[in-house]
Structures are given as C-alpha cells and as structure tokens.
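Okay, here's what each chain looks like letter by letter:
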Amino acid sequence: MALQSAWTETGFRSVTLLPWHESASLRLSSCDSLRSEAILGEDPESWHGFAPLPSNFAAFEAAMRVADGSSSFCIVVGPSGWGKSHLLQVAAERAAQRLKSECRIHSPGSCVNRAEALSRTMPLIVDGVQDMARHPRLRHRFVRILRSRVRLKRPTLLALEAESSSRVLTELASLSIDRPVFHINVPTARERQRIASTVSRSMGMRLHETLARVIGRHVDGNARSMLGALNRLSLYSSDWSGEADLTKAMGITLPFLSGCDGWDIRDAVQEAVCRALPRSESDAKVEAWLCWSLRRMLKMPEDHVAAFLSKTPGEVHQLSEMARAWRDEQVKARIKDHLITLLSE
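Residues numbered from 1 in each chain as written. Predicted model: local features only at pLDDT ≥ 70, side-chain atom pairs only at ≥ 80, totals over all residues. Heavy atoms only, no water.

A. A look at the overall build of the protein chain. When its secondary structure is counted, the protein chain shows 16 helices and 9 strands. A buried classification covers 47% of the 345 residues belonging to the protein chain. The long-range share in the protein chain, meaning contacts at least 24 apart out of those at least 6 apart in sequence, stands at 68%. (Helix = DSSP H or I, 4+ residues; strand = E, 2+ residues; numbered from the N terminus. Buried < 20%, exposed > 50% of the residue type's maximum accessible area, 1.4 Å probe, protein only. Contact = heavy atoms within 4.5 Å.)

B. Inspection of the pattern of salt bridges at higher detail. Inspection of every chain in the model, using the stated rule, returns 12 salt bridges. Its salt-bridge partner being R134, residue D131 comes within 3.5 Å of it at the nearest N-O pair. Notably, a salt bridge pairs E321 with R324, separated by 2.6 Å at the nearest N-O pair. Linking E321 with R324, this pair stays in helix α15 (residues 313-326), spanning 3 residues, or about one helical turn. (Salt bridge = Lys/Arg side-chain N within 4 Å of Asp/Glu carboxyl O.)

C. Just the environment of A133, in detail. Examined against the element boundaries, A133 turns out to sit in the loop between β5 (124-126) and α6 (136-151). For A133, a relative accessible area of 41% gives the class partly exposed. Considered as a pair, A133 and V168 are 35 residues apart in the sequence and their alpha carbons are 6.4 Å apart.

D. Seen up close, the sheet that holds strand β3 (residues 73-78). With respect to topology, 5 strands assemble into an open sheet ordered β4-β5-β6-β3-β7, the strand pairing being parallel. Either end of the sheet is taken by a strand with one partner, and the two such strands are β4 (105-106) and β7 (181-183). Of the pairings in the sheet, the one linking β4 to β5 comprises 2 bridges and is parallel in character. When the sheet's bridge partners are listed, I105 is paired in β5 with I125. Lying over the sheet, helix α3 (residues 57-68) contacts β3, β6 (156-161) and β7, oriented at roughly 150° with respect to β3. (Pairing = 2+ DSSP bridges. Axes fitted to C-alpha atoms, helices over the stretch in contact; angles between N-to-C directions.)

E. Local environment of the environment of E191. Looking at the secondary structure, you find E191 in helix α8 (residues 189-202). Relative accessible area serves as the criterion here: at 4%, E191 is assigned to the buried category. Spatially, the C-alpha atoms of E191 and P52 are 9.5 Å apart, while their sequence positions differ by 139 residues. Within polar-contact distance, the side chain of E191 engages the backbone nitrogen of T188 at 2.9 Å. (Polar contact = N/O pair within 3.5 Å; in protein donor to acceptor, adjacent residues only side chain to side chain.)

F. Fine view of α8. Taking 1.5 Å of rise per residue, the 14 residues of α8 would be expected to cover 20 Å, and the 20 Å separating its terminal C-alpha atoms lies within 8% of that figure. Every buried residue of α8 is accounted for by E191, R192, Q193, I195, A196, T198, V199 and S200. On its buried face, α8 sits against β8 (206-207), α9 (209-218) and α10 (223-234). G204 lies just past α8 and shows a positive phi near 80°. (Expected span 1.5 Å × (residues − 1).)

Listed below in structure tokens is the structure:
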C-alpha cells in the first residue's frame, strides 16, 4: 500500500492508504505541498540528500518497494545527473538495513558472475545498464539472468539513461507484464531549488532561501553542477543562512552562475546600482559604483569586470577605488538591499 495525503492551507491533514496500482500514478502537483515525511513516515536524513519530488516520486516509491521486498522488478530511467545513481544508493542502504547484510551496486559486467545475481533475498541493483548496448554478448547473458530473476520474483532494480537506451529499455521492459519502468524527469526550477536545499542539509550546511533559489535556478548543468557550487561554498563556511551572507556567496559561486536561461549575476548587480542611485546621477559615478559592487561585494576579478564593462583592468581598479574613497555607507547599503531583492524575485 502507498500513502496519499490530503492538504489544507495550513499543511498536512490526513493520510489515506492506496493500492499499488493506483499509487503508481500518484502525482504531487506542487513542490510546496510535498511532505516526504508524511508520504513515507520516515526521517528524510535516511535518504542521504535524495529529494523526493513530483518529477521523481514514482521512481522513488518503486525503488523503495524493491528495497523493502514488496516489489520484485523496477527499471528507473532518466537523464544524466538527476538522481538515478543516488536513488540506487538509497535503495541499497535501505535493503542492507533490512537484511542486515551488505548490498552492492553493480555495473552490468560486474554482476554477471557474482553471487548476488543468483541470490533469492538480496536485491540485484545495477547502474549504467545502457552500457550493454555496446556489448551484445554481455547483453544476452545479462538479459538471461534478469529473465530468470523476474520469473522467480527475485528483487531486481536497474537504472539507465533515457537519452541512449531505447533499444535496451524495450528489451528489459518486455521481461515483465507489470509495467516496471519508472521515469525520473528533469526537475522544474522550483524543484531544483528544493534539491539545493536538501543536498545542502545533507552536507551539514545551512542555506538562506534566496541562495538556494539562485543555485537551483541559475546554476547551469545538472545536479552535479549544483553540488559543485555547494562544495565550493562549504570550503568557506557551513552557515550561509544569513541575509548578510548572500553577496559573499554570490561571489564564491560566481564560476557556476552562468545560467543557460541567459541570467547573469552581473546584470543583477548593475540593476541594483541603478535602483540605488538617483536618476540624476552622472554616468561616471554609476560606473564607479558598479565597479565597486562587482569588485568589493562579489569579489569578481578585475579582468572579468573589465570584460563586462568594456574597460581595461586599470580603469576598473581606478573606478572601484574612487567609489571606495567616497565612504558613502548609505549607498552601499542600498545597493546591497536592492541586489538581495532582485535575487529574491
């Protein structure tokens, strides 16, 4: 049985048990409405930073059922870098705790001659199954093992990439009539923000909501890129929960903030400077404050600022020092406040 929750405006209200064939189609429409603790009744820390979301919940639930021994066959399909291997790790550790024995994650080649392939109780967990497409002999041996396990209902959990595995997926899915394929989809922007928050907590970090939003929405790439940004932050501090830390964090994560959506932190700083200064202010003074903001607030290298403003590094240094010499703390505070507001929008 799976759990379906009913919600009010104030939060979780009730839990209803659903049969498995209905729960497989369960969809949570809002990231804000997702309460993983209520869905599975567990501490999310046991998931080691994996964030159950609408885009991956069906796969998460199916993998946990294999780990619990209540389901025998599951194929997780999804794009690279969005949690397939992480989900297998959580399932393996869950199975190991239940069976009081080590549960390993294999590649297709490593498991063909291993005892786990014949085990009646220990789940066979295999990652990177799409690699079989390049090795016909290995694929035949592997499929023969899987056919036997599926027939005997021995727990089996597989993961493969969606982009390059259509032939392999069709062959594996045909081993069972129970529709064992569950997809992990590319998360939405709001889900990416939740992933950033969840992963940071699993790393022992405290992240301000605005910082999680920026990392989730504007770090280019996949979850590995987001993890890289968080690792970079963790080298400096584990506590980034204060609003005063946001501008420093933007500077530290700057190499990752090249969002594929065209967003640029330098444009946000320029907008903040323009909002903070009177419209009658001279262009030279606006440029000076912009140079100071990029150099002093974001700690951006002079050559990067120079390329952005089409100036020489020497000119950037001179303008930045000019603004610093003005010692106008009110303008500095307004620039920072407007930047935080822009990042929160």
